[in-house]
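# Chains, contacts and geometry: an overview
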Amino acid sequence: MAALTIHDICCSYNGKPVLDGLSLNVERNEIMCLLGASGCGKTTLLKAVAGLLPVTQGEITINDQQVNGGGQATVPEQRNIGMIFQDYALFPHLDVAQNVAFGLQSKESNKALIQRRVKEVLALVNLAGLGDRYPHQLSGGQQQRVAIARALICQPQLMLLDEPFSNIDTQVRMRLIGEIRTLLKEQGISAIFVTHSKEEAFAFSDKLALFREGQIEQVGRPQTLYQHPQTPFVADFLGQSNYVPATVHNRHTLVTPIGPIESQVELDAEPGSEGRLLLRPRQIQLTEHEQGNGRVLEQQFLGAHTRCLVECHGLTLEVSINEPLPAVSRVQVSVTPHALTFFSEQAQRRQAVA
Ligand SMILES: Nc1ncnc2c1ncn2[C@@H]1O[C@H](COP(=O)(O)OP(=O)(O)OP(=O)(O)O)[C@@H](O)[C@H]1O
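Residues numbered from 1 in each chain as written. Predicted model: local features only at pLDDT ≥ 70, side-chain atom pairs only at ≥ 80, totals over all residues.

The name that an unreviewed UniProt entry assigns to the protein is ABC transporter ATP-binding protein, with the source organism given as Oceanimonas smirnovii.

Okay, structure coming up:
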């Protein structure tokens, strides 16, 4: 069942449309990431869901309750939403316990109950015992945990997180992402999370919605978008792409300058179609070979892997290998068997017209 349904919404600033007929579904207990370049409308969508921005067309439904539609809008405080911001937005003059209690005080008068809930949520975010510290006495990661505890205390059904990890030290970031993801899953909370960073998006979300100028280009599981992008825009946004000119020989074979390449799934293009084969750096194999079809141009040792640039039949390919190759100049380039992603010229032309 859907935790959030956004149907055909439009939002604008000073009459200039930013979201124009956008639709998106988030399932219960699902974490959806809005990923995209700066200015493409991610925060605008969060604000519309939170009720902080007027929606000029379309409907928004949160857990079966319509909050926008038919000219009506539910006020933000009645949407049962928790919000987390990049800059934590804590009250500097309140201690941690007072910050966390803040949202609950307007709904609950029983002080003992509030104190008990504060303790519970501080324990959930691993801040037990730090209730009497002030925000300036905490690290960035700890301040973000306070912001999360403050949102959790009101038991929201939906959490909106706007670049929550971008001010956090890289070393702490991946650990915090893992912890918060587990916490949201344990508490059964659905979430929408905004980021520029594909690494954060991959690590935190169940699904990705990749934005492009106020539209969603593709939505799906992170691995699906990475491995089977529907457009070169999605392919290039999510990682390094090599494009090899190719012609469809039959439904399972492409003819390329590297040689014929077999696909593990049927290709969605007619024999004879021309286009480009997408190859990720890990989908290309290099084997040392004196008469090999490739020439190593450059290698960079990057710790966990080595980035290698290879010239092969006039193409420059970026390949990711585990260890640097010894000082050899020739290699045999081959493609790891997989379900090929082929962008036919015809389909690209259709998209450009649409
Ligand atoms: N209050 C505002 N008044 C006028 N224009 C705005 C306002 N807020 C945002 N915009 C414009 O709307 C567009 C979308 O902005 P939005 O903040 O949603 O983008 P974003 O994808 O979240 O970007 P970022 O990743 O940089 O935060 C941008 O062109 C931005 O300049």
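With that out of the way, let us pick up the site of the ligand. The full set of residues close to the ligand is Tyr13, Asn14, Val18, Gly36, Ser38, Gly39, Cys40, Gly41, Lys42, Thr43, Thr44 and His196. The dominant element in the shell around the ligand, judged by the number of residues it contributes, is helix H1 (residues 42-50), at 3 residues. Here the shell around the ligand is built from residues that sort into 3 nonpolar, 8 polar and 1 charged. (Near = placed C-beta within 6 Å. Helix = DSSP H or I, 4+ residues; strand = E, 2+ residues; numbered from the N terminus. Nonpolar A, V, L, I, M, F, W, Y, C, P; charged D, E, K, R; others polar.)

Turning to the UniProt feature "domain: ABC transporter" (unreviewed entry) in the protein, a few remarks are in order. UniProt marks residues 4-238 with the feature "domain: ABC transporter" (unreviewed entry), using the numbering shown here. For residues 4-238, helix accounts for 36% and strand for 29%, while the C-alpha atoms at its two ends are 25 Å apart. (UniProt positions renumbered as here; feature names shortened; annotations may be inferred.)

Further remarks concern unusual backbone geometry. The residue Asp8 is not glycine, and still its phi comes out positive at about 55 degrees. A count of 12 C-beta atoms within 10 Å places Asp8 in the exposed class. For Asn126, which is not a glycine, the phi torsion comes out positive at approximately 60 degrees. Tracing the backbone shows Asn126 in the loop between helix H3 (111-124) and helix H4 (140-152). (Buried ≥ 20, exposed ≤ 12 C-beta atoms within 10 Å, placed from the backbone.)

With that settled, consider the nonpolar core. Grouped together as the largest cluster of nonpolar side chains are 95 residues, with contacts concentrated most on Cys33, Val100 and Ala149. Broken down by element, this core gets its largest block of residues, 6 residues, from H4. Mapping this core onto the domain boundaries places at least three of its residues in each of domain 1 (2-233) and domain 2 (240-353). Setting aside chain neighbours within four positions, we find Cys33 in contact with Phe193, Thr195, Ala201, Phe204, Ser205, Leu208 and Ala209. (Core = buried A, V, L, I, M, F, W, Y, C linked by C-beta atoms within 7 Å. Domains from an automatic or database assignment. Contact = placed C-beta atoms within 7 Å.)

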